[in-house]
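Listed below, chain by chain, are the residues.
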Amino acid sequence: MKNFKKVILAGAMLLSVGTMSVPTASVSAAKAKCNTNVTSTQSNTSKKFTSGNLCYKVTGNNTCTVTGLSSQGKKSSSCSIPTSVTCNGKKYKVTSIANNAFKNCDNLKSVKVSNCVSNIGANAFKGCDSLKNVTLGKGVSNLGSNAFSSCNSLKSVNCGSTIKTLGSNCFGNSTCRVVR
């Protein structure tokens, strides 16, 4: 009930005063730090945001997954998945690459995945025809089904010995070899 009274009081003050302004510099600085697109403020795990060339989705209190390239990164030929990313002053550990994240990204030629990423989802890089070089961090333990299938230019994937699960058809339709 207290919050409701505060909202009513704030609304009445706004009506009596007119408009309220926020310093443009503060808004610009916040946008420059992290371009957020919050789909719901109810749960922290429903936040989606972009930072640089990549899009992310919050998956836990301090973790997130890469969901694809941002509009800024659509024409990038290389991609480096970071260990962590900061949004609105909060640091998130990047732990996975989502299903279909980079599917059919024809401009992508090289990918480097950090050591914090443990899971690469199904179809994550499927159909990336120009993809030639992939370096997986030491933390990657799971490659989903079709993760790199139909990557016709892919010749080798450099990875650690920590991969425990290879999904079905993980490298299907490519002449790729795994280098450990």
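All figures in this text were calculated on a predicted structure; none of them were measured in a lab.

Parameters at a glance
- Residues numbered from 1 in each chain as written.
- Predicted model: local features only at pLDDT ≥ 70, side-chain atom pairs only at ≥ 80, totals over all residues.
- Heavy atoms only, no water.
- Helix = DSSP H or I, 4+ residues; strand = E, 2+ residues; numbered from the N terminus.
- Buried < 20%, exposed > 50% of the residue type's maximum accessible area, 1.4 Å probe, protein only.
- Contact = heavy atoms within 4.5 Å.
- Areas by Shrake-Rupley, 256 points an atom, 1.4 Å probe, with all protein chains shown as cover.
- Pairing = 2+ DSSP bridges.
- Axes fitted to C-alpha atoms, helices over the stretch in contact; angles between N-to-C directions.
- Phe/Tyr/Trp six-rings, centres within 6.5 Å; stacked < 30°, edge-to-face > 60°.

Peer 1: Please set out the overall build of the protein chain residue by residue, giving values where relevant.
Peer 2: The helix and strand inventory of the protein chain stands at two helices and 14 strands. In the protein chain, buried positions account for 36% of the 180 residues. A sequence separation of at least 24 residues applies to 34% of the contacts in the protein chain between residues at least 6 apart. Accessible surface for the protein chain amounts to roughly 10400 Å². Of this, 51% is attributable to carbon and sulfur atoms.

Peer 1: Can you tell me about the sheet that holds strand β5 (residues 78-81), naming the residues and giving the values?
Peer 2: An order of β5-β8-β10-β12-β14 is seen for the five strands of this open sheet, with the pairing classed as parallel. Edge positions in the sheet fall to β5 and β14 (177-179), since each has one partner strand and no second. In this sheet, adjacent strand axes meet at a mean angle of 15 degrees when their direction is disregarded. In this sheet, β14 lies alongside strand β12 (residues 156-158) in parallel orientation, the contact comprising three bridges. The residue bridging S156 from the neighbouring strand is R177, located in β14.

Peer 1: How would you summarise unusual backbone geometry if you had to cite specific residues and measurements?
Peer 2: One non-glycine residue with positive phi stands out, namely N100, at about 65 degrees. Tracing the backbone through its elements, the reader meets N100 in the loop between β7 (90-97) and β8 (110-113). Accessibility expressed as a relative area gives 39% for N100, which makes it partly exposed. One non-glycine residue, N169, adopts positive backbone phi at about 55 degrees. Among the structural elements, N169 can be located in the loop between β13 (165-166) and β14.

Peer 1: Give me the lowdown on the packing of aromatic side chains, citing residues and values where you can.
Peer 2: All chains considered together, the criterion is met by five aromatic pairs. Where F125 meets F148, the ring centres are 5.1 Å apart and the plane angle is 0 degrees; that geometry is what we call stacked. In this pair, F125 sits in the loop between β9 (119-120) and β10 (133-135) while F148 sits in the loop between β11 (142-143) and β12, placing the two residues 23 residues apart along the sequence. Given the relative accessible area of 0%, F125 is considered buried. By relative accessible area, which is 0% here, F148 ends up buried.

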